[in-house]
Amino acid sequence: MATAQDLVVVRSRRTANPARTLVCLGFCGGGTGQYHQWGDVLPPEVDLAAICYPGREGRFLEEFAEDWDALAEDATQAVLAAATEGPYVLLGHSMGGWMAFDVTVRIERLGGRTPEALVVSSANAPSRGLTPQDMFPAQQDTDEQLLTWMTMHGMMPDHVLADPDLQELALELMRADIRVRDTFHYVPGARVGVPLHVLTGAQDTVIEPNAGEQWRELALGEYRHDVLPGGHFYTPEVWAQLPNRIPALGGVFSTS
């Protein structure tokens, strides 16, 4: 029987005796759906879960988070709930990368069960602070501009594009996430002790050239940085197979 917690920690793949779970945190304007496709490419002993933020999908009756701290606290409790079922690797893409870093810092401070590895995808180091380069899409963008961006990055299925009411809901969600993102603040000195794996796109104009070095300063333990083909969401082929780029899902963490 589904529980309220199942609406927060959305488990799209369960195995009998998982070695670990890949837990994913959403990017700006995204939900859990963009991660479900990975169920077919994960190692056979790995489960898949995605955290649903307030105000969308099964939590649509809840209010959107008011600011970054509120969303980070909500996500931290959700990840801790996911962690009760065993070892996990935590992944976040774009805004979700900062969220995954913040959540890991919070869990370490709470003394909770930390991830076996933290995987940050397509994000500049949070220690540099929020800059105009990171603020895309932007609050001042028109609805048309936001829809174009979301469509370009596979966030607008055909049935949404064909329904003005669903488009309006998608825009509301995106603008809510933009407002939260724009209140992000880095806590000076925050670093993580778990192994940190950073992924960036070779053609991603948002990522600074020295992002790898900046992230390295935030890792107290093992660290690796891989540059992948494509832009902010890589190429469709790379995104579809992204778990295959994460050694920690196989129980190892090799530096590069």
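The structure presented is a predicted model; accordingly, all values stated were derived computationally and were not measured. (Residues numbered from 1 in each chain as written. Predicted model: local features only at pLDDT ≥ 70, side-chain atom pairs only at ≥ 80, totals over all residues. Heavy atoms only, no water.)

Chemist: Got a minute to help me understand the layout of surface pockets in this structure?
Modeler: If a probe the size of a water molecule is rolled over the atoms, the empty space left behind becomes visible. As a volume, the largest pocket reaches approximately 770 Å³. In terms of lining, the largest pocket is formed by 33 residues, of which the most central are Gly 29, Gly 31, Gln 34, Met 155 and Pro 157. Going through the elements one at a time, helix H2 (33-36), helix H6 (158-161), helix H7 (164-181) and helix H9 (236-240) are the ones with two or more residues in the lining of the largest pocket. Here the residues of the lining of the largest pocket are counted per class, giving 17 nonpolar, eleven polar and five charged. (1 Å grid on protein atoms, 1.4 Å probe; cavity = no way out; pocket = protein on both sides within 12 Å on 5 of 7 lines; lining within 4 Å. Points joined across faces, edges and corners; volume = space filled by probe spheres on them. Helix = DSSP H or I, 4+ residues; strand = E, 2+ residues; numbered from the N terminus. Nonpolar A, V, L, I, M, F, W, Y, C, P; charged D, E, K, R; others polar.)

Chemist: Sorry if this is basic, but what is going on with the nonpolar core here?
Modeler: Counting residues in each nonpolar core, the largest one holds 79 residues, and the members touching the most others are Leu 22, Leu 25, Trp 38 and Trp 215. Residues contacting Trp 215, with those up to four places away along its chain left out, are Trp 98, Phe 101, Val 120, Ala 123, Asn 124, Ala 125, Pro 126, Leu 196, Val 198 and Tyr 223. (Core = buried A, V, L, I, M, F, W, Y, C linked by side-chain atoms within 4.5 Å. Buried < 20%, exposed > 50% of the residue type's maximum accessible area, 1.4 Å probe, protein only. Contact = heavy atoms within 4.5 Å.)

Chemist: Would you mind showing me how to read empty space enclosed by the protein here?
Modeler: Under the counting rule described, the total for this entry stands at two cavities of 30 Å³ or more. Considering only enclosed or pocket space, the largest cavity measures out at about 140 Å³ in volume. Lining the largest cavity we find 13 residues, and of these Ser 94, Met 95, Ser 122, Asp 134 and Phe 136 sit closest to its centre. The class makeup of the residues in the lining of the largest cavity is seven nonpolar, four polar and two charged. Its boundaries defined by the atoms lining it, the second largest cavity holds a volume of some 30 Å³.

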